Amino acid sequence: MGKNITHEGVVVAVDGQWVTVHFVQHSACSECHAKTLCSGGTSESADRKVVANSYGRPYQVGEHVKVIVADGLAWSAVVIAFLIPLVLALVCLFVTVHFTGSQLTGCVSTLVLLGVYYLIVWTQSKRLERKVEFLIEPQTTY
């Protein structure tokens, strides 16, 4: 099993079994000394709120917790957002250029295919969100 992705957060609302947690999501670049050279120093962190099932454990507003997402879900997102479109684009480009002999037609058809692919992903975003489950656990202090 892979390593889970965790963030420290604070409970901001409790509604029955559902707990809303606020946390700051830091990018991998935030700790890098050369971040201004490659990305202009932007998008270091973002405020996030997630709703998680408490599974019967009582949480209080203001309580510090850990938000956990399985590492496999991050890889699924990478596959959906980058790997599948890359393969589709390459196959479409080479097949179209091979059969038409026109690079312009290949490029245009590839862009159209990618547009349709991302439109489908966007229309299915609510369905994809339901597959992501955030877990929370109390913050332990030593």
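Residues numbered from 1 in each chain as written. Predicted model: local features only at pLDDT ≥ 70, side-chain atom pairs only at ≥ 80, totals over all residues. Heavy atoms only, no water.

Q: Quick rundown of helix H3 (residues 103-123)? Include the residues and the values.
A: With 21 residues, H3 extends 30 Å from end C-alpha to end C-alpha; this agrees with the ideal 30 Å at 1.5 Å per step. All of the buried residues in H3 are Gly106, Thr110 and Tyr117. For H3, the angular spread of the buried residues around the axis is 30 degrees, confining them to a single face. The exposed residues of H3 that point more than 90 degrees off its buried face are Leu104, Leu111, Val112 and Trp122. The opening residue of H3 is serine 102, an N-cap whose side-chain oxygen sits 3.4 Å from the backbone nitrogen of leucine 104. (Helix = DSSP H or I, 4+ residues; strand = E, 2+ residues; numbered from the N terminus. Expected span 1.5 Å × (residues − 1). Buried < 20%, exposed > 50% of the residue type's maximum accessible area, 1.4 Å probe, protein only. Arc of directions from axis to C-beta. Polar contact = N/O pair within 3.5 Å; in protein donor to acceptor, adjacent residues only side chain to side chain.)

Q: Account for the pairing of strand E4 (residues 64-69), with residues named and values stated.
A: One ladder, built from six bridges, connects strand E1 (residues 5-15) with E4; its direction is antiparallel. Looking across to E4, one finds that valine 10 is bridged to histidine 64. Direction of pairing for E4 relative to strand E5 (residues 135-138): antiparallel, over a ladder of four bridges. Following the sheet pairing, lysine 66 is matched in E5 by glutamate 137. (Pairing = 2+ DSSP bridges.)

Q: Quick one: what's the story with the confidence of the model for the chain, residue by residue and with numbers?
A: Model confidence for the chain is summarised by a mean pLDDT of 79, while 79% of its residues fall at 70 or above. For the chain, the element scoring lowest by mean pLDDT is helix H1 (residues 35-39), at 44; H3 scores highest, at 96. (pLDDT = per-residue confidence, 0-100.)

Q: Explain the environment of valine 21 to me, using residue names and the numbers behind them.
A: Residue placement: valine 21 occurs in strand E2 (residues 18-26). For the pair valine 21 and valine 50, spaced 29 residues apart in sequence, the C-alpha to C-alpha distance is 5.5 Å. Beyond its immediate sequence surroundings of up to four residues, valine 21 is in contact with Gly9, Val10, Val11, Val12, Arg48, Lys49, Val50, Val65, Val67 and Ile136. (Contact = heavy atoms within 4.5 Å.)

Q: If you had to explain the pattern of salt bridges to someone new, which residues and values would you point to?
A: By the definition in use, this model includes two salt bridges. The salt bridge partner of glutamate 63 is arginine 57, with a shortest N-O separation of 3.5 Å. With a relative accessible area of 32%, arginine 57 lands in the partly exposed category. A salt bridge links lysine 66 to glutamate 137; the nearest nitrogen and oxygen atoms lie 3.2 Å apart. Note that lysine 66 is positioned in strand E4 and glutamate 137 in strand E5, a separation of 71 residues in sequence. (Salt bridge = Lys/Arg side-chain N within 4 Å of Asp/Glu carboxyl O.)

Q: Go over the nonpolar core with me, naming the residues and quoting the values.
A: With ten residues, the main nonpolar core is built from Val11, Val19, Val21, Phe23, Val50, Ala52, Tyr59, Val65, Val67 and Ile136. Looking at this core, the elements that each hand over two or more residues are E2, strand E3 (45-53) and E4. At three residues, E2 tops the list of elements feeding residues into this core. Setting aside residues up to four positions removed in sequence, valine 11 forms contacts with Val19, Thr20, Val21, Tyr59, Gln60, Val61, Gly62, Glu63 and Val65. (Core = buried A, V, L, I, M, F, W, Y, C linked by side-chain atoms within 4.5 Å.)

Q: Can you break down the packing of aromatic side chains residue by residue, with the values?
A: Here the structure, examined in full by the defined rule, presents one aromatic pair. Taking 5.3 Å as the distance between ring centres and 75 degrees as the angle between the ring planes, the aromatic pair formed by tyrosine 117 and tyrosine 118 counts as edge-to-face. According to the relative accessible area criterion, tyrosine 117 is buried, its value standing at 14%. Here the guanidinium or amino end of arginine 57 rests over the ring plane of tyrosine 59, the centre of that ring lying 4.5 Å away. (Phe/Tyr/Trp six-rings, centres within 6.5 Å; stacked < 30°, edge-to-face > 60°. Lys NZ or Arg CZ within 6 Å of the ring centre and 35° of its normal.)

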